[in-house]
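What the coordinates show
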Amino acid sequence: MPAPEYVDPAIRHETVRANELDFHVASCGEGDRLALCLHGFPESWYSWRHQLPLLAAQGFRAWAPDLRGYGDTERPPRMQDYALEALMEDVAGLIEASGAREVTLLAHDWGAIIAWAFAMHGRLPLDRLAIFNVPHPAAFRERVSFAQLRRSWYMLFFQLPRIPEWVLGRDDCAFVAEAFRRTCAHPEQFPDAVCETYRASAAQPGARTAMVNYYRALIRGGGSRRLAARGIPRIEIPTLFVWGVQDIALTLATTFGTERHVPDLTLRYLPDASHWVQQDEPERVNEMLAAWLEGKPVPFAPGCAALDLPPGSPGRPSLGAGA
């Protein structure tokens, strides 16, 4: 793919062999402290372009791979190749390939589904976890509502054969570019050149089927049932959870109760950010991330401190049915 715009020249591009696949990895920084960044749908490594230099400045070797099936990473052909277990093994393989002695896992959207599962059931230990705009699976089940089910309609749509690929691919994948423009909170962060990067990635042969197969393998392939059968052990490592309140796919209520499953939790809300939180407000996200990595108090976004109170606490805003 052509080199995307708005990227720090310190970011390098490598091919890393892991779990019997060749992964394209954007890399920044050096050393044996790994910050592994997992992107979501329909993104690529590029969604971490604002965070990679920050992580390098914090003393990490920051890796942002294209996940299997995305971008310039290999695309296995079968739906079952995208089972959650295979995705978790990709994370383990990348960690092993890095040779790192310390691992911080950062993840957004689909990457966060993988990261929550890996923190609970992965075969390698993590030192820290940072999650962006996907709820903990147990908190999600506890707080799922009719409003949330309405927002999750696309997961059922993606179970259909061929039709999702056709919709995503119309007009040379213009739908993918428009998805960011329609759902972001800060359109200035998604100019044409940024959206073109994601469109071009999705337009590659086989990419759309691979992307949709994540959802098919989770539901039709039984990944979600197998994960639930393994139980929900507590995540004991320090965890940063950053949430863009203007998320149109996931309700704010699905974040409540996360502290019961993740006791060492730092939860911060960004009222003017969307689902694409680390791209919508990169400066504020980076400020929070840097403070957390340095062991300093993590700042609140203006007006959001009350949202971090437990549900029902005095001073916490009440939520409507759509929250």
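Scroll up to find the structure.
Residues numbered from 1 in each chain as written. Predicted model: local features only at pLDDT ≥ 70, side-chain atom pairs only at ≥ 80, totals over all residues. Heavy atoms only, no water.

By way of backbone hydrogen bonds, the strands of a sheet pair with one another, either parallel or antiparallel. Ordered by their spatial adjacency, 8 strands build an open sheet running 1-2-4-3-5-6-7-8, and the pairing between neighbours is mixed. At either end of the open sheet lies a strand with only one pairing partner, and these are strand 1 (12-18) and strand 8 (265-270). Ignoring strand direction, the axes of neighbouring strands in this sheet form an average angle of 20°. Pairing of strand 2 (residues 21-28) with strand 4 (residues 61-65) involves 4 bridges; the strand directions are antiparallel. Across the sheet, Ser27 pairs through a bridge with Trp63, a residue of strand 4. Running over the sheet, helix 3 (residues 110-121) touches strand 3 (33-38), strand 5 (102-108), strand 6 (128-132) and strand 7 (239-244) and is turned about 140° from strand 5. (Pairing = 2+ DSSP bridges. Helix = DSSP H or I, 4+ residues; strand = E, 2+ residues; numbered from the N terminus. Axes fitted to C-alpha atoms, helices over the stretch in contact; angles between N-to-C directions. Contact = heavy atoms within 4.5 Å.)

A separate point is the pattern of salt bridges. One pass over the full model with this rule turns up 22 salt bridges. One salt bridge connects Glu102 with Arg33, and the closest N-O pair in it is separated by 3.2 Å. Within this pair, whereas Glu102 is found in strand 5, its partner Arg33 is found in strand 3, the two being separated by 69 residues in sequence. For Glu196, the salt bridge identified is with Arg199, shortest N-O distance 2.8 Å. One end of the pair, Glu196, and the other, Arg199, are both in helix 8 (residues 192-202), 3 residues apart, so they sit about a helical turn from each other. Since its relative accessible area comes to 16%, Arg199 is described here as buried. Through salt bridges with shared partners, one network takes in Asp32, Arg33, Arg101, Glu102 and Arg128. (Salt bridge = Lys/Arg side-chain N within 4 Å of Asp/Glu carboxyl O. Buried < 20%, exposed > 50% of the residue type's maximum accessible area, 1.4 Å probe, protein only.)

Our focus in this paragraph is empty space enclosed by the protein. Per the counting criterion, the structure on display carries 1 cavity of 30 Å³ or more. Roughly 40 Å³ of volume is contained in the largest cavity. Lining the largest cavity, in full, are Phe23, Leu67, Arg68, Leu87, Asp90, Val91, Leu94 and Ile114. In terms of residue count, the dominant contributor to the lining of the largest cavity is helix 2 (residues 84-98) (4 residues). Each residue belonging to the lining of the largest cavity can be placed in one class, and the counts come to 6 nonpolar, no polar and 2 charged. (1 Å grid on protein atoms, 1.4 Å probe; cavity = no way out; pocket = protein on both sides within 12 Å on 5 of 7 lines; lining within 4 Å. Points joined across faces, edges and corners; volume = space filled by probe spheres on them. Nonpolar A, V, L, I, M, F, W, Y, C, P; charged D, E, K, R; others polar.)

We now examine the nonpolar core. Core analysis: the biggest nonpolar cluster contains 103 residues, and Leu52 and Ile114 have the highest contact counts within it. With residues up to four places along the chain from it excluded, the contact list for Ile114 reads Leu38, Leu67, Leu84, Leu87, Met88, Val91 and Tyr214. (Core = buried A, V, L, I, M, F, W, Y, C linked by side-chain atoms within 4.5 Å.)

If you check helix 7 (residues 163-183), its first and last C-alpha atoms are just 22 Å apart, much less than what 21 residues at 1.5 Å a residue would give, namely 30 Å. The sharpest bend along helix 7 measures roughly 110° and falls at Asp172. Those residues of helix 7 lying buried are Pro164, Glu165, Val167, Leu168, Cys173, Val176, Ala177, Ala179, Phe180 and Thr183. Taken together, the buried residues of helix 7 touch helix 6 (153-157), helix 8 and helix 9 (207-219). (Expected span 1.5 Å × (residues − 1). Bend = angle between axes of the 7 residues up to and from the residue.)

What follows covers the environment of Cys28. With respect to the helices and strands, the residue Cys28 is situated in strand 2. Distance in space between the C-alpha atoms of Cys28 and Leu52 is 6.0 Å, their sequence separation being 24 residues. Sequence-distant contacts of Cys28, that is, excluding residues within four places in its chain, are made with Ala10, Ile11, Arg12, Leu52, Pro53, Ala56, Phe60, Arg61 and Ala62.

Applying the stated criterion across every chain, the model contains 20 aromatic pairs. For the pair Tyr82 and Tyr214, a centre-to-centre distance of 5.5 Å together with 45° between the ring planes defines the contact as tilted. With Tyr82 in the loop between strand 4 and helix 2 and Tyr214 in helix 9, this pair connects stretches of sequence that are 132 residues apart. The same class applies to Tyr82 as to Tyr214, namely buried. Ring centres of Phe180 and Trp276 lie 4.6 Å apart, and the angle between their planes is 45°; on these two criteria the pair is classed as tilted. Of this pair, Phe180 sits in helix 7 while Trp276 sits in the loop between strand 8 and helix 11 (277-280), and the two are 96 residues apart along the sequence. Joined through ring pairs, the aromatic side chains of Phe41, Tyr70, Tyr82, Trp110, Trp153, Tyr154, Phe157, Phe158, Tyr214 and Tyr215 make up one cluster. One cation-aromatic arrangement involves Arg49 over Tyr46; the distance from NZ or CZ to the ring centre is 4.2 Å. (Phe/Tyr/Trp six-rings, centres within 6.5 Å; stacked < 30°, edge-to-face > 60°. Lys NZ or Arg CZ within 6 Å of the ring centre and 35° of its normal.)

A probe matching the size of a water molecule, rolled over the atoms, marks out where space remains unfilled. Approximately 1300 Å³ is the volume found for the largest pocket. Every residue lining the largest pocket is counted, 42 residues in all, and those nearest its centre are Ser152, Tyr154, Met155, Tyr215 and Leu250. Elements with a contribution of two residues or more to the lining of the largest pocket: helix 3, helix 4 (137-143), helix 5 (146-151), helix 6, helix 7, helix 9 and helix 10 (223-229). Counting residues per element, the lining of the largest pocket draws most heavily on helix 7, at 7 residues. Grouping the constituent residues of the lining of the largest pocket by class yields 33 nonpolar, 5 polar and 4 charged.

So, on to a nonpolar patch on the surface. On the surface, Leu160, Ile163 and Trp166 cluster together to form a nonpolar patch covering roughly 310 Å² of accessible area. Mapped onto the fold, Leu160 is located in the loop between helix 6 and helix 7. (Patch = residues over 30% accessible without salt bridge, like charges linked within 9 Å, V, L, I, M, F, W, Y side chains within 5 Å. Areas by Shrake-Rupley, 256 points an atom, 1.4 Å probe, with all protein chains shown as cover.)

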